[in-house]
Amino acid sequence: ALGTATEIGHVSIDVNGNSPLSDRLDTGWHIGLYEDGVQHLTGMPDAITRRSQRGVTDITLSGQSHRRWLADMITIPTPAAGITSQGATSHYKASGPAETVIRNLVRTHVGQGARAEHRRPIIVDARGDRGSSVKINSRFQNLLDEARTLATLGGTRFFTRMEGTQVRFSQNVGMDLSRAVR
């Protein structure tokens, strides 16, 4: 299932294992799934399984989207400080346009502004100050859940995409109705 823009998409892809290029597949690769030139999901395979039967080799790549980097992180009251240096009652607090609050939340927790031990190879795009005004007051909560709530309240949506070899975190204004209209 690919999932919507704010979900963690899970994917399983079958590849022709008889192709000489199939030996180059690796779990460290980034994968982008496209339909009619539109990128729908980017991620990395967690597992590569090979099956051979009667001279035919099938390879299955399975994994999750890059949004899992948000799901694997919690909100830290002071992202610039070490996890053991957080105050006993402190919270991560911010308010403003949804796009700005989400951008700073992701950038300081897992993006280019995060501490080295939390940073993921994701670049958070710098855009405008769009969306309704939102507030966050969070302590050790799931980062993806907090960002999803802010996006819903602020009328924005976020997604990851591949641009060349870079994974980028971007936002749009408006609701994602891709699953509602078929």
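Residues numbered from 1 in each chain as written. Predicted model: local features only at pLDDT ≥ 70, side-chain atom pairs only at ≥ 80, totals over all residues. Heavy atoms only, no water.

## Quick look at the confidence of the model for the protein
Mean pLDDT over the protein: 88, with 92% of residues reaching 70 or higher. Predicted confidence in the protein is weakest over strand 1 (residues 10–16), with a mean pLDDT of 83, and strongest over strand 7 (residues 133–138), with 98. Long-range and interchain partners of residues 1–5, a stretch whose pLDDT sits below 50, account for 18 contacts in this model, where long-range means more than four residues apart. (pLDDT = per-residue confidence, 0-100. Helix = DSSP H or I, 4+ residues; strand = E, 2+ residues; numbered from the N terminus. Contact = heavy atoms within 4.5 Å.)

## Notes on a nonpolar patch on the surface
A contiguous nonpolar patch, built from Ile74, Ile83 and Phe140 and spanning about 230 Å² of accessible area, is present on the exposed surface. The residue Phe140 is located in the loop between strand 7 and helix 3 (143–154) in this model. (Patch = residues over 30% accessible without salt bridge, like charges linked within 9 Å, V, L, I, M, F, W, Y side chains within 5 Å. Areas by Shrake-Rupley, 256 points an atom, 1.4 Å probe, with all protein chains shown as cover. Salt bridge = Lys/Arg side-chain N within 4 Å of Asp/Glu carboxyl O.)

## Overview of the sheet that holds strand 3 (residues 38–53)
The 4 strands lie next to each other as 1-4-3-2, forming an open sheet whose pairing is antiparallel. Each end of this open sheet is capped by a strand with a single partner; those strands are strand 1 and strand 2 (31–35). Sheet twist, expressed as the mean angle between neighbouring strand axes with direction ignored, is 45°. One ladder, built from 10 bridges, connects strand 3 with strand 4 (residues 56–65); its direction is antiparallel. Paired with Met44 across the strands is Gln64, a residue of strand 4. (Pairing = 2+ DSSP bridges. Axes fitted to C-alpha atoms, helices over the stretch in contact; angles between N-to-C directions.)

## Examining the sheet that holds strand 9 (residues 166–173)
Overall, mixed pairing links the 3 strands, which are arranged 6-9-8 in an open sheet. Each edge of the open sheet carries a strand with a single partner, namely strand 6 (122–124) and strand 8 (156–163). Ignoring strand direction, the axes of neighbouring strands in this sheet form an average angle of 30°. Where strand 6 meets strand 9, 3 bridges bridge the pair, whose relative direction is parallel. In the sheet register, Ile123 faces strand 9, and the bridge partner there is Arg168. Sheet strands in contact with helix 2 (residues 98–109) are strand 6, strand 8 and strand 9, and its direction is about 160° off that of strand 9.

## Some points on helix 2
The periodicity of an α-helix, 3.6 residues per turn, causes residues three or four places apart in sequence to face the same way. Between its first and last C-alpha atoms helix 2 spans 16 Å; for 12 residues at 1.5 Å apiece the expected length is 16 Å, and the two agree. Counting buried positions over the 12 residues of helix 2 gives 10, a clear majority of the element. Taken residue by residue, helix 2 has Ala98, Glu99, Thr100, Val101, Ile102, Arg103, Leu105, Val106, Thr108 and His109 as its buried positions. (Expected span 1.5 Å × (residues − 1). Buried < 20%, exposed > 50% of the residue type's maximum accessible area, 1.4 Å probe, protein only.)

## Here's the deal with the environment of Thr78
Looking at where Thr78 falls in the secondary structure, it is placed in the loop between helix 1 (68–71) and strand 5 (92–97). Assessed through its relative accessible area of 40%, Thr78 is described here as partly exposed.

## Digging into the pairing of strand 3
As defined by bridge partners, strand 2 adjoins strand 3 across 5 bridges and the pair is classed as antiparallel. Bridge pairing in strand 3 places Ile31 opposite Gly43. If you look at the hairpin formed by strand 2 and strand 3, you'll find 2 residues sitting between the two strands, and Asp36 has a positive phi there, around 55°. Hairpin remark: strand 3 followed by strand 4, antiparallel, with 2 residues in the connecting loop; positive phi at Arg54, about 50°.

## Remarks on the side chain of His109
By the secondary structure assignment, His109 is in helix 2. By relative accessible area, His109 is classed as buried at 1%. At 2.8 Å, the side chain of His109 forms a polar contact with the backbone nitrogen of Ile76. Within the structure, the side chain of His109 is placed 3.4 Å from the side chain of Thr108, a separation counted as a polar contact. (Polar contact = N/O pair within 3.5 Å; in protein donor to acceptor, adjacent residues only side chain to side chain.)

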